[in-house]
Amino acid sequence: MRILIMFIILLFTVTGCKDKNEPSLDATFDDVTINVGDTYQIESEINNLEGKVSFKTEADNITVSEIGLVKALSVGESIVDLSLGEYSSSIIIKVIEEEITYEFTNEEDFYTDYEEARTYEEACFRTANFLMSGDIVVPDEAPTLAGYQPKENNLFIRNTTYYYSDDYNTYYILDGYGNVVDHVFKGGAYITLEEVCAYLLAFGDVPVNYVSGKSLKPTYSAWKEYLRLNNTYFSCDTEKYPYEPLLPGTGKIYDYYEIDLGTTGTTCDPYYQAKLYNNGISITRGAARIVYTRYDVDGNNIVDPDERYVFYTYNHYNDFQEYLNYEGGFGQMFGNITGGGQLSSDEKYNPTPYVDVIRRAFL
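Residues numbered from 1 in each chain as written. Predicted model: local features only at pLDDT ≥ 70, side-chain atom pairs only at ≥ 80, totals over all residues. Heavy atoms only, no water.

A. Just the overall build of the chain, in detail. Across its full length, the chain holds four helices and 19 strands. Each of the 363 residues in the chain was classed as buried or not, and the buried ones make up 50%. In the chain, of all internal contacts separated by at least 6 residues, the share reaching a separation of at least 24 is 59%. (Helix = DSSP H or I, 4+ residues; strand = E, 2+ residues; numbered from the N terminus. Buried < 20%, exposed > 50% of the residue type's maximum accessible area, 1.4 Å probe, protein only. Contact = heavy atoms within 4.5 Å.)

What follows is the structure in structure tokens.
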């Protein structure tokens, strides 16, 4: 049924056909059942049609956003109406109460059948027990880029839609089309590049499994192999380190901090061993870092996420890419190797400047 509906929508969009004898959007989707507190994205493919589909409900036990993200507030059965021009459809959302007990027998079993936290409350329970909330697959050093990264005038677009839950404890991650594809919870534990970058941009601070020290051993930490180090001041001192590119607002507007990104190993920098960052016994810090704006120059927290920057470098500050606030969204690389310089050289360096982006809301 859904395949047929999508075919009809796409056909109508491409041809402009309005023959009333043809099948249209006037058919219902399969019913959906979700739990109180959960969210459900209605047919994310629809939202790629230049935002033409609108969503509406008169129910008071759910909410539905302009991109079709349903949030279940209380038990009940509700209808969400969809419209595309003169065509319409609907979907029935059944909200049930699932009794969830946040318990676990031991860490081995917890991680054997691991699933990411679904609610903020569950993330809080996990944090209290030093358990992860996000993806636990250790990332490779290079970022995984989205298949679609929107551009304008040959410049990457930074998404300025900051999509929070009503209590600001959940941040929803979009893709390049504006669809919700993931989320991070305030106070949760995360290790992947995607989730950590989103967390920093959303909350202006690090996930709970990060510490400021640079030498804490996993065996001394309750986070064990998920411990991450080095939430410390980043100088942006391009006189002392002339191979580093200058980051926006350095010394005039922002104070930058850096954190390690634990990866599967560094291969682009011969000064660092290509080993797993944290094997549960020891840490090989590698060359991958996330550098972010933590404070303004007066020491105040940066409240507006539009004023925050998050950058990633996996060759020890020689080159950077900006996180653009969507899954797989990393901007044009700039810096020393990009400019033809030698790795970490004080003599043969040529850092290219920060490449500006166009800021635009995806929603």
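B. Main features of the environment of Leu174. When you line up the elements, Leu174 lands in strand 11 (residues 170-174). A relative accessible area of 1% means that Leu174 is categorised as buried. Placed 153 residues apart in sequence, Leu174 and Glu327 show a C-alpha to C-alpha distance of 6.2 Å. Once residues lying within four places of it in the same chain are set aside, the contact partners of Leu174 are Ile67, Asn159, Thr161, Tyr163, Asn179, Val180, Val181, Tyr326, Glu327, Phe362 and Leu363.

C. Region of the structure containing the packing of aromatic side chains. For the structure on display, the rule yields 32 aromatic pairs. Between Tyr257 and Tyr295, the aromatic rings sit 5.7 Å apart at their centres with planes inclined by 80°, giving edge-to-face as the arrangement. A residue pair is termed long-range when its members are at least 10 positions apart, and Tyr257 in strand 14 (residues 254-260) and Tyr295 in strand 15 (residues 289-296) qualify at 38 residues. Relative accessible area serves as the criterion here: at 21%, Tyr295 is assigned to the partly exposed category. Taken together through their ring pairs, the aromatic side chains of Tyr254, Tyr256, Tyr309, Phe311, Phe320, Phe334 and Tyr354 make up a single cluster. (Phe/Tyr/Trp six-rings, centres within 6.5 Å; stacked < 30°, edge-to-face > 60°.)

D. Highlighting the sheet that holds strand 15. The six strands are arranged 13-14-15-16-17-18 in an open sheet whose pairing can be described as antiparallel. With one partner strand each, in any of the chains shown, strand 13 (232-234) and strand 18 (334-335) form the two edges of the open sheet. With two bridges joining them, strand 16 (residues 310-313) and strand 17 (residues 319-322) adopt antiparallel strand pairing. Among the inter-strand pairings, Tyr312 is bridged to a residue of strand 17, identified as Gln321. Taken strand by strand, helix 4 (residues 193-203) contacts strand 14, strand 15 and strand 16, and its axis lies near 5° from that of strand 15. (Pairing = 2+ DSSP bridges. Axes fitted to C-alpha atoms, helices over the stretch in contact; angles between N-to-C directions.)

E. Spatial organisation of the nonpolar core. Among the nonpolar cores identified, the biggest contains 31 residues, and Tyr171, Leu200, Ile259, Ile290, Val310, Tyr312 and Tyr323 are the most heavily contacted of them. Mapped onto this core, the elements with two or more residues apiece are strand 11, strand 12 (180-185), helix 4, strand 14, strand 15 and strand 16. At nine residues, helix 4 tops the list of elements feeding residues into this core. Filtering out sequence-adjacent residues up to four positions away, Val310 remains in contact with Cys197, Leu200, Leu201, Ile290, Val291, Tyr292, Gln321, Glu322 and Tyr323. Counting residues in hydrophobic clusters, the runner-up holds 26 residues, among them Leu69, Tyr254, Tyr354 and Ile358. (Core = buried A, V, L, I, M, F, W, Y, C linked by side-chain atoms within 4.5 Å.)

F. Just helix 4, in detail. For helix 4, the buried fraction is high: ten of the eleven residues fall into the buried class. Among the residues making up helix 4, those that are buried are Leu193, Glu195, Val196, Cys197, Ala198, Tyr199, Leu200, Leu201, Ala202 and Phe203. Following helix 4 by one or two positions, Gly204 adopts a phi angle in the positive range, close to 70°.

G. Local environment of the environment of Ala198. Mapped onto the elements of the fold, Ala198 is located in helix 4. Between the alpha carbons of Ala198 and Ile173 there is a distance of 7.2 Å; along the sequence they are 25 residues apart. When near neighbours in sequence (up to four residues on either side) are disregarded, Ala198 contacts Tyr171, Ile173 and Tyr323.

H. Molecular detail of the side chain of Asn318. Mapping Asn318 onto the fold places it in the loop between strand 16 and strand 17. Separated by 2.9 Å, the side chain of Asn318 and the backbone oxygen of Asn315 make a polar contact. The contact partners of Asn318, leaving out residues within four places of it in the chain, are Tyr243, Pro245, Thr313, Phe334, Gly335, Asn336, Ile337, Gln342, Leu343 and Ser344. (Polar contact = N/O pair within 3.5 Å; in protein donor to acceptor, adjacent residues only side chain to side chain.)

I. Here's a closer look at the pairing of strand 9 (residues 155-159). In terms of burial, strand 9 is a largely internal element, four of the five residues being buried. Pairing of strand 8 (residues 151-152) with strand 9, which is carried by two bridges, proceeds in the antiparallel orientation. When the bridges of strand 9 are listed, Glu152 appears paired with Leu155. Bridging between strand 9 and strand 19 (residues 358-360) involves three bridges; their strand directions are parallel. Across the sheet, Asn159 pairs through a bridge with Arg360, a residue of strand 19.

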